[in-house]
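# Close look at the chain arrangement
One letter stands for each residue in the lines below.
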Amino acid sequence: MKTIITGGAGFIGSNYVYYMLERYPDEQFICVDKLTYAGSLENLEAALNNENFKFIKGDIADRDLMYRIFKEEKPDVIINFAAESHVDRSVVDPDIFLQTNIIGTGVLLDACRIYGITRFHQVSTDEVYGDLPLDRPDLFFTEETPIHTSSPYSASKASADLLVLAYHRTFKLPVTISRCSNNYGPYQFPEKLIPLMIANALKDKQLPVYGKGENVRDWLYVKDHCEAIDLIVRKGTVGEVYNIGGHNERTNLEVVKIILKELGKSEDLISFVTDRPGHDRRYAIDPTKISNGLGWRPTTLFDEGIKMTIKWYLDNEAWLQNIISGDYQKYYERMYGSR
Ligand code: NAD
Ligand code: TYD
């Protein structure tokens, strides 16, 4: 079997590449990635010499290139991780989110239709459901929860989901979609909450918590996400959406305090800053469908996963330094300078 993994040089995609190469030593995997600020070949270093793995630099919105790749490689399965993924960036500059997340997905779907595949899997997000109130802990996102987006990022991901479902209905394309909660783990770019706070704490820099830090996210260790996607692709029902989450809700302030405690740093580093516009209050997944239907359960508890993640960043300080010393400084100044 030959699988194309788009966006495989980013956070979740690179974890997926390693997971798959180890789990299926007889299959072939091709990563197609544009290598934006969020993607790096450094993330795939340990895969590049594997004879079952190939890297192709390319933009999923580049129709000619995608058709050429499909024609030459004849993939069986496509797993689309490629996306602009950061909400804050989408607030400042939505355009590239529409281009990659919507147009790019459309191009891949057309390529699948023309060249034929056995499965197209869209890696989506729980953010397409909007948010839940903080005072209703009994409410969760199910696959039937209406799409109700808040940010240009989530709106672009929801648009892509609708396209994927339309290609199933209209062209009988064999698709599946997964909508996962917030991931954490190795190789996450330090613009997202957990790695940003680890990076700042290590340098004794202030930890910028939006608003009062009361917003809630439902955290899942990245390897559990990878396992769920693979299960959906191999055993899931075509045309279906599956939510992925492990009932691991924490307020942002709780997460930041855990990181500070693990690193032996003072809570005085916490700095409450201006809130994100349109900030979603709470995400919480009901994973009943994937649990009952496919037998998936997360295996890493948050207390254990956050320790493993912090250790990874400590062990890979050169990786972190490499990112932080580049254009990242400009991004940080723009995003946090006058907050
Ligand atoms: P990421 O930003 O770390 O990585 C995205 C990757 O896509 C990068 O390697 C980048 O170079 C590549 N890319 C961007 N534009 C591209 C284009 N036009 N063509 C080809 N490649 C392109 O993102 P991530 O956190 O790994 O997220 C991966 C996917 O999972 C995204 O689709 C995201 O919406 C979804 N998701 C993420 C989370 C999370 O918590 N991070 C949760 C649920 C779903
Ligand atoms: P993030 O990692 O950007 O993921 P998402 O917005 O897609 O859930 O943010 C997670 C939460 O952390 C979110 O409620 C916003 C908050 N946050 C901060 O308080 N400070 C920060 O510097 C960042 C990046 C996020």
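As a reminder, the structure under discussion sits directly above these lines.
The following paragraphs examine the structure supplied in this document. Sequence positions are assigned chain by chain, starting from 1 and proceeding in written order. Key to labels: chains lettered from A, ligands numbered from 1, both in the order written. The model is predicted, so local features are restricted to residues of pLDDT at least 70 and side-chain atom pairs to those at 80 or more, both for listing and for counting; the totals for chains, interfaces and linings are taken over all residues. Values reported for side chains reflect all heavy atoms of the structure, with hydrogen atoms and water molecules removed beforehand.

### Quick look at the side chain of D33
Inclusion rule: Counting from the N terminus, the helices are the DSSP runs of H or I reaching at least four residues and the strands are the DSSP runs of E reaching at least two. Residue exposure (1.4 Å probe, protein chains only): buried if accessible area is under 20% of the type maximum, exposed if over 50%, otherwise partly exposed. Positive: Lys, Arg. Negative: Asp, Glu. His and the chain ends are not part of the count. Just to be clear on terms, a salt bridge is a Lys or Arg side-chain nitrogen sitting within 4 Å of an Asp or Glu carboxyl oxygen. Pairs of N or O atoms within 3.5 Å make up the polar contacts considered here, provided that, within protein, one atom can donate a hydrogen while the other can accept it, and that residues adjacent in sequence are counted only when both atoms are side-chain atoms. By definition, residues are in contact when any of their heavy atoms lie within 4.5 Å.
Relative to the helices and strands, D33 resides in strand β2 (residues 28–33). Among buried charged residues, D33 stands out as having no salt bridge; its nearest opposite-charge side chain is K57, 7.9 Å away. Within the structure, the side chain of D33 is placed 2.9 Å from the backbone nitrogen of A9, a separation counted as a polar contact. A distance of 2.6 Å separates a polar atom in the side chain of D33 from the backbone nitrogen of L35. Setting aside chain neighbours within four positions, we find D33 in contact with G7, G8, A9, G10, F55, I56, K57 and G58.

### Remarks on the site of ligand 1
Defined as follows: Being near a molecule or strand, for a residue, means having at least one of its heavy atoms within 4 Å of it. Values of accessible area rely on a 1.4 Å probe in the Shrake-Rupley scheme; residue burial ignores everything except the protein chains shown. For this classification, the nonpolar set comprises Ala, Val, Leu, Ile, Met, Phe, Trp, Tyr, Cys and Pro, the charged set comprises Asp, Glu, Lys and Arg, and every other residue, Gly included, is treated as polar.
Surrounding ligand 1, one finds 28 residues, the nearest of these being I12, D33, S85, Y153 and K157. In this structure, G10 approaches ligand 1 through a main-chain N or O atom, which is 2.9 Å from an oxygen atom. Side-chain polar atom of D59 to a nitrogen atom of ligand 1: 2.8 Å apart, as the coordinates give it. Compared with its free state, where it exposes 830 Å², ligand 1 has 97% of that area covered by protein. Among the elements of the structure, α1 (11–23), β5 (119–125) and α5 (152–171) are those that each provide at least two residues to the shell around ligand 1. Here the shell around ligand 1 gets three residues from one element, more than from any other, and that element is β5. For the shell around ligand 1, the residue count by class is twelve nonpolar, twelve polar and four charged.

### Notes on the environment of S124
Take S124: it is sitting in strand β5. Taking C-alpha positions, S124 is 8.1 Å from F81, a pair spaced 43 residues apart along the chain. Not counting the four nearest positions on each side in its chain, S124 is found in contact with K157, D161, I177, S178, R179 and C180.

### Examining the side chain of H121
Checked against the element boundaries, H121 lands in strand β5. With a relative accessible area of 0%, H121 lands in the buried category. Reaching out from H121, the side chain makes a polar contact with the side chain of T176 at a distance of 2.9 Å. A distance of 2.8 Å separates polar atoms of two side chains, one belonging to H121 and the other to S178. With residues up to four places along the chain from it excluded, the contact list for H121 reads I78, I79, N80, T176, I177, S178, I229, I232 and V233.

Taken by themselves, the reported measurements are silent on function.
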